[in-house]
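# Observations on the model geometry
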Amino acid sequence: QKEVEQNSGPLSVPEGAIASLNCTYSDRGSQSFFWYRQYSGKSPELIMSIYSNGDKEDGRFTAQLNKASQYVSLLIRDSQPSDSATYLCAVDTDKLIFGTGTRLQVFP
Amino acid sequence: DAGVIQSPRHEVTEMGQEVTLRCKPISGHDYLFWYRQTMMRGLELLIYFNNNVPIDDSGMPEDRFSAKMPNASFSTLKIQPSEPRDSAVYFCASSFLVREKLFFGSGTQLSVL
């Protein structure tokens, strides 16, 4: 079993819709969780971090964490074509482990 | 600050040749990470340093790979001899705290023919 799992996608949503990206992890001791965005041909950049159960909102982005279910998600409201990218879930065990990413496509 | 600087941006070499990738972290960051990214395996941690000391190299695939950090502003990742399966994008990243925001360099696209 992979330590951090994501659906590779692509996830296609129309402009203005909510995009929901999901991630599961195997290490119950993990305490820190991150979402990185990576545009094609570019390097990853951090967009959200979450450390406790529940929701954390930042603009159009909401991260959700459920440690009991070992599940973390990212919601993007009012999706824009500029949100089209690969979204990487990262989980801190004793080091930062990345999932393989979900490719999001937002079409006009 | 210019961010994390990696060189070269692209490297094409033949199987068996030595390859050296270079990284300059952000000034003041005390952690430096080397990652490798492929379509199949995603972003894999190879090794990381704290205050120039290697802390975890369990991700280094085999003895052909070696990494050094002689000072706080420079690190190298060397592959000798290189093989076609080493073809990937290699990222260097730095951070102030291990579990906090990683700043990635632009990456080195390595192609081994």
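Our subject is the structure listed above.
Description of the structure in this document. (Residues numbered from 1 in each chain as written. Chains lettered and ligands numbered in written order. Predicted model: local features only at pLDDT ≥ 70, side-chain atom pairs only at ≥ 80, totals over all residues. Heavy atoms only, no water.)

With that settled, the discussion passes to the overall build of chain A. Across its full length, chain A carries zero helices and eleven strands. Computed over C-alpha atoms, the radius of gyration of chain A comes to 13 Å, within 12% of the 13 Å expected from 2.2 N^0.38 for 108 residues, which places it in the range of a compact globule. Taking the principal axes of the C-alpha coordinates as reference, chain A spans close to 40 × 30 × 20 Å. Classification of the 108 residues of chain A by burial places 44% in the buried group. Summed over its atoms, the accessible surface of chain A is roughly 5100 Å², and 46% of this surface lies on carbon and sulfur atoms. If you average the places of the 10 positive and of the 12 negative side-chain charges in chain A, the two averages end up 3 Å apart. (Helix = DSSP H or I, 4+ residues; strand = E, 2+ residues; numbered from the N terminus. Rg over C-alpha atoms; globule rule 2.2 N^0.38 Å. Buried < 20%, exposed > 50% of the residue type's maximum accessible area, 1.4 Å probe, protein only. Areas by Shrake-Rupley, 256 points an atom, 1.4 Å probe, with all protein chains shown as cover. Lys, Arg positive; Asp, Glu negative; His and termini not counted. Charge placed at Lys NZ, Arg CZ, Asp CG, Glu CD.)

What follows is about the side chain of A:Arg37. Residues and elements named next belong to chain A. Along the chain, the position of Arg 37 falls in strand β4 (residues 32–38). Judged by its relative accessible area of 14%, Arg 37 is buried. At a separation of 3.5 Å, a polar atom in the side chain of Arg 37 contacts the side chain of Tyr 39. For Arg 37, the contacting residues outside a window of four places in its chain are Ser 43, Pro 44, Glu 45, Ile 47, Phe 61, Ala 85, Thr 86 and Tyr 87. (Polar contact = N/O pair within 3.5 Å; in protein donor to acceptor, adjacent residues only side chain to side chain. Contact = heavy atoms within 4.5 Å.)

To continue, consider the sheet that holds strand β6 (residues 54–58) of chain A. The five strands are arranged β1-β3-β8-β7-β6 (chain A) in an open sheet whose pairing can be described as antiparallel. Only two strands of the sheet have a single partner each, and these edge strands are β1 (4–5) and β6 of chain A. (Pairing = 2+ DSSP bridges.)

Residue and element names in this part refer to chain B. Counting through the fold element by element, Ser 87 comes out in the loop between β8 (74–79) and β9 (88–95). A residue is classified by how much of its surface remains accessible, and Ser 87, at 27% relative accessible area, is partly exposed. Taking the C-alpha atoms as reference points, Ser 87 and Thr 13, 74 residues apart in sequence, are found 9.8 Å from one another. What Ser 87 contacts, discounting residues up to four positions off in sequence, is Thr 38, Leu 110, Ser 111 and Val 112. At 2.9 Å, the side chain of Ser 87 forms a polar contact with the backbone oxygen of Pro 84. A polar side-chain atom of Ser 87 sits 2.9 Å from the main-chain amide nitrogen of Val 112.

Residue and element names in this part refer to chain B. Taken as a whole, this structure holds twelve salt bridges over all chains when the rule is applied. The residue Lys 78 makes a salt bridge to Glu 18 at a minimum N-O spacing of 3.8 Å. Here Glu 18 lies in the loop between β2 (10–13) and β3 (19–24) and Lys 78 lies in strand β8, a separation of 60 residues in the sequence. With a relative accessible area of 30%, Lys 78 lands in the partly exposed category. (Salt bridge = Lys/Arg side-chain N within 4 Å of Asp/Glu carboxyl O.)

A few words now on the packing of aromatic side chains. Within the structure shown, the criterion is met by twelve aromatic pairs over all chains. Geometrically, the ring pair formed by A:Tyr25 and A:Phe33 is tilted, given 4.8 Å between the ring centres and 50° between the ring planes. The same class applies to A:Tyr25 as to A:Phe33, namely buried. Linked through ring pairs, A:Tyr36, A:Phe98, B:Tyr31, B:Phe33, B:Tyr35, B:Tyr48, B:Phe91 and B:Phe104 together constitute an aromatic cluster. Residue placement shows A:Arg60 over the ring face of A:Phe61; its charged tip is 5.6 Å from the ring centre. (Phe/Tyr/Trp six-rings, centres within 6.5 Å; stacked < 30°, edge-to-face > 60°. Lys NZ or Arg CZ within 6 Å of the ring centre and 35° of its normal.)

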